[in-house]
Amino acid sequence: MSSLSVKLPFFGWHTVAATFVLAVFGWGVGFYGPPIYLQVVVERTGWSVALVSAAVTVHFLIGAVVIANLPRLYRRLGVPVVTSLGAALLAAGVVGWAIAGEPWQLFSAALLSGVGWVAMGAAAVNAIISPWFVSSRPAALSMAYNGASIGGVIFSPLWVALILAIGFLKAAIVVGIVMAAVIFTLSIFVFSKSPAQLNQLPDGIPPSPVPAAVIPSAAAALPKGSLWRDRRFLTLAAGMALGLFAQIGLLAHLFSLLVPAIGPQNAGLAMGGATVAAIVGRTMVGLVMPASADRRLVACASYAVQIVGSLTFLIAGDANVPLMIIGVILFGAGIGNATSLPPLIAQVEFAKADVARVVPLIVAIGQASYSFAPAAFGALRTMSPSGTSGFDGTMLFAVASMMQGAAMACFLLGRQTR
């Protein structure tokens, strides 16, 4: 009898560590990979940047449809099955990018990779972490989301090195096999567990009073369907969508914009540097943001830093490499916060019952919006004086700055109703 009463260590932090690894592969292959796939496919096939950018758009757009239905998939198939299927589809899709010989094959591959990666993306991370934490959720999510940034640090230069060494196809096969094996293992031994199964409570402690800013105690649950009339939800969704549109549109082309100026290997390292800055930015927010902080203002400050980064790129032009690197660092500092802060804003502004609806919806709306960003920014590049042959990101950086300013305005507008 006494052996049954032995208290197991809190499993939530094991889940955070496993979700960190999930995010490393999810973002490294499904988020930071497409900008590099774009450049490699253009070089291999001679297709236009606009065409391949459209495939990147399909990759992200189809994922938005899956995100909106992710809670339903979890209920029907379970988190382990959905996560494992996602890894398998993402691996198959990247191989498809490597072997596509016709545009329809490229777009088919984009469908597979887009469906797969969202099972390892932002909504998935939030869904896996949330049952285990309440008061410690900001810290837990920050740690797990740092895996997304580490994915960029590792995979941006790794993809370039592997492709140069063994070719795109072999690189895709190697990465796909390793990713699938790791995620399958985590799904069996970690993601299959829940607090109820292990007789544990969120945060690993009995329920106790927590600061009002940590839980949405003052928010009443909204009637079904009323989210679309709620100013907080609309401004949060719009702000996240605008900010991510600017961010993804620029990131999708940043590698190929840097290549003419600093070469492919240095460009890969620069992309990795952007994600190092993202880790620092997100960690700083986690360290200095008090429980009572207005998280909308914190999000605005993060976007302001990215705007300065975009303006630095404009000043750098195509010749000032040190300024380019400074721009990469400043822009990168806000990458992680654009994903992690909106769910944390939702946590304090909505009732617990509504958070489970709000987070997948704002992530789906954001991804559906930024899905068009690679193609839209690709069209801007073809309209620029240098076309696709040189570093001319003037229009891209200017548009990104304006959209991030609009995102700040949305967050501030929603703040008036608090």
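Attention here is on the structure that accompanies the text. (Residues numbered from 1 in each chain as written. Predicted model: local features only at pLDDT ≥ 70, side-chain atom pairs only at ≥ 80, totals over all residues. Heavy atoms only, no water.)

## A word on the pattern of salt bridges
Argument step 1. Scanning the entire structure with this criterion turns up four salt bridges.
Argument step 2. The residue arginine 232 makes a salt bridge to aspartate 230 at a minimum N-O spacing of 2.9 Å.
Argument step 3. Exposure remark for arginine 232: the relative accessible area of 17% places this residue in the buried category.
Argument step 4. Across the salt bridge formed by glutamate 349 and arginine 296, the nearest N and O atoms sit 2.8 Å from each other. Of this pair, glutamate 349 sits in helix α14 (residues 335-349) while arginine 296 sits in helix α12 (residues 295-316), and the two are 53 residues apart along the sequence. (Salt bridge = Lys/Arg side-chain N within 4 Å of Asp/Glu carboxyl O. Buried < 20%, exposed > 50% of the residue type's maximum accessible area, 1.4 Å probe, protein only. Helix = DSSP H or I, 4+ residues; strand = E, 2+ residues; numbered from the N terminus.)

## Some words on the packing of aromatic side chains
Argument step 1. Using the criterion set out here, one finds 21 aromatic pairs in the structure.
Argument step 2. When the centroid spacing of 6.3 Å and the interplanar angle of 85° are considered together, the rings of tryptophan 27 and tyrosine 145 count as edge-to-face. Residue tryptophan 27 is located in helix α1 (residues 12-30), and its partner tyrosine 145 is located in helix α8 (residues 137-166); the two are separated by 118 residues in the primary sequence. The same class applies to tryptophan 27 as to tyrosine 145, namely buried.
Argument step 3. Chaining the aromatic ring pairs together yields one cluster made of Trp27, Phe31, Tyr32, Phe60, Trp117, Tyr145 and Tyr370.
Argument step 4. The cationic tip of arginine 232 hangs over the ring face of phenylalanine 350; the distance from NZ or CZ to the ring centre is 4.5 Å. (Phe/Tyr/Trp six-rings, centres within 6.5 Å; stacked < 30°, edge-to-face > 60°. Lys NZ or Arg CZ within 6 Å of the ring centre and 35° of its normal.)

## Topic: unusual backbone geometry
Argument step 1. One non-glycine residue, asparagine 199, lies in positive phi territory at about 60°.
Argument step 2. Within the secondary structure layout, asparagine 199 lies in the loop between α9 (168-191) and α10 (231-262).
Argument step 3. With a relative accessible area of 74%, asparagine 199 lands in the exposed category.

## Topic: helix α2 (residues 33-45)
For an α-helix, 3.6 residues make a turn, and residues three or four places apart therefore share a direction.
Argument step 1. With 13 residues, α2 should reach 18 Å at 1.5 Å per residue; the first-to-last C-alpha distance of 18 Å fits that figure.
Argument step 2. In terms of residue burial, α2 counts as a mostly covered element, since 10 of its 13 residues are buried.
Argument step 3. Buried within α2 we find Gly33, Pro34, Pro35, Ile36, Tyr37, Leu38, Gln39, Val40, Val41 and Val42.
Argument step 4. Remark: glycine 46 follows α2 within two positions and exhibits a positive phi of approximately 80°. (Expected span 1.5 Å × (residues − 1).)

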